[in-house]
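# A structural walkthrough
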Amino acid sequence: MASVREQALLLQKDGAPTTFLDALQLVRRPQALTAEDIEALITLHDAKTTTDGAREVIADFLRGQAQSMAHERQHADRLLTLADSGKSIRGRKGTALQLKLETRTHRGGIWDVKSKSDHVVWEFLGLDKDRRYTLSQIKLERGGTAHIELVELLAPPKKSHARSQKPVDDERTFTIEVVIESERQA
């Protein structure tokens, strides 16, 4: 499947008018956009062969993308908690995301990295003074996209001879997608 950038370039190349339907098909694709994709959409928006209907579709889409990106950047500027799991975060290269994850220390809980990208460095900072939260940070080292997954490891439960006790599988994970912007993109 061709990227948004490639499709936008194809629409401009043939010289035919870019219609409302062309633009709608282009922006309805569920994929993450690169800076090059966005630049190609802006160029297509400004092309002389783009109809007013197509311009409106592209403008609305780009406006929505700008709002979404601003919202993702706001996440990077605040303390992240378990409630932020599953979200997309956008931050500049060289910054650090601050995490405060509830930890079940009474069950031997500790947060550990399950998977991460080479674009980031995870650093354990310790527990808060009440030993209820794990404090850590994720340093954004290189531009790109990083999938980060942390898992809370619990001590094995003590063996019980009671028949009614079943093993409890209540593993908690914290997962985020991080878009790391270079200075040029921000």
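It should be emphasised that the depicted structure is a prediction, and the values quoted were computed from it without experimental measurement.

Reading the values: rules and limits
- Residue numbers here run from 1 along each chain, matching the order of that chain's written sequence.
- The model is predicted, so local features are restricted to residues of pLDDT at least 70 and side-chain atom pairs to those at 80 or more, both for listing and for counting; the totals for chains, interfaces and linings are taken over all residues.
- The side-chain numbers reported here are obtained from all heavy atoms of the structure, hydrogens and water having been left aside.
- A helix here means a DSSP run of H or I that spans at least four residues, while a strand means a run of E at least two residues long, and both kinds are numbered starting from the N terminus.
- By convention a nonpolar core is built from buried Ala, Val, Leu, Ile, Met, Phe, Trp, Tyr and Cys residues, the set being connected through side-chain atoms within 4.5 Å.
- Exposure is judged per residue with a 1.4 Å probe applied to protein chains only, and the accessible area is read against the type maximum: over 50% gives exposed, under 20% gives buried, and values in between give partly exposed.
- Throughout, a residue-residue contact means that at least one pair of heavy atoms, one from each residue, lies within 4.5 Å.
- Axis definition: a line fitted to C-alpha atoms, limited for helices to the stretch in contact. Angles are taken between N-to-C directions and run from 0 to 180 degrees.
- Throughout this description, any angle smaller than 35 degrees is read as roughly parallel, any larger than 145 degrees as roughly antiparallel, any in the 65 to 115 degree range as roughly perpendicular, and the remainder as oblique.
- By convention the crossing between two helices is left-handed if the near helix lies anticlockwise of the far one by an angle smaller than a right angle, and right-handed if it lies clockwise.
- All residues other than Ala, Val, Leu, Ile, Met, Phe, Trp, Tyr, Cys, Pro, Asp, Glu, Lys and Arg, Gly among them, are scored as polar; the first ten of these are nonpolar and the last four charged.
- Two strands form a pair only when DSSP identifies at least two bridges running between them.
- We define a polar contact as two N or O atoms separated by no more than 3.5 Å, with the added condition that, inside protein, one atom must be a possible hydrogen donor and the other a possible acceptor, whereas residues neighbouring each other in sequence contribute only through side-chain atom pairs.
- Working definition: rings of Phe, Tyr and Trp (its six-membered ring) pair if their centres are within 6.5 Å, and the pair is stacked with planes under 30 degrees apart, edge-to-face with planes over 60 apart, and tilted otherwise.
- Criterion for a charge above a ring: Lys NZ or Arg CZ within 6 Å of the ring centre, and within 35 degrees of the ring normal.

The next thing to look at is unusual backbone geometry. Backbone geometry at arginine 131 places phi at a positive 60 degrees, although glycine is not the residue there. When you line up the elements, arginine 131 lands in the loop between β4 (120-127) and β5 (133-140).

In this structure, Leu97, Ile138, Ile176 and Val178 are the most contacted members of the largest nonpolar core, which totals 18 residues. Within the residue set of this core, elements represented by two or more residues are β2 (96-102), β4, β5, β6 (144-153) and β7 (173-181). Here this core takes four residues from β7, the largest share from any one element. Once residues within four sequence positions are removed from consideration, isoleucine 138 is found in contact with Thr95, Ala96, Leu97, Leu99, Val120, Val121, Trp122, Ile148 and Ile176. Ranked by size, the runner-up nonpolar core spans 17 residues in total, among them Leu26, Leu41, Phe61 and Leu62.

The next thing to look at is the packing of helix α2 (residues 20-27) against helix α4 (residues 52-76). For the pair α2 and α4, interaxial distance at closest approach is 7 Å and the crossing angle is 20 degrees. Looking at the two axes, α2 sits roughly parallel to α4. Two packed elements cross with a definite hand, and for α2 against α4 that hand is right-handed. Contact residues: Phe20, Ala23, Leu24 and Val27 in α2; Gly53, Ala54, Val57, Ile58 and Phe61 in α4. Classifying every residue of the contact of α2 with α4 by side-chain character gives eight nonpolar, one polar and no charged.

One open sheet accounts for three strands, arranged β2-β5-β4; its pairing is antiparallel. Of all strands in the sheet, those with a lone pairing partner are β2 and β4, marking the two edges. Strand-to-strand twist of the sheet, defined as the mean angle between neighbouring strand axes without regard to direction, takes the value 20 degrees. The pairing of β2 with β5 spans seven bridges and is antiparallel. Paired with glutamine 98 across the two strands is glutamine 137, which belongs to β5.

Take aspartate 84: it is sitting in the loop between α4 and β1 (88-92). Of note is the side chain of aspartate 84, whose polar atom sits 2.6 Å from the side chain of arginine 78.

This next bit is on the packing of aromatic side chains. One pass over the structure, following the stated rule, counts zero aromatic pairs. Between lysine 100 and the ring centre of tyrosine 133, over which it is positioned, the NZ or CZ distance is 4.7 Å.

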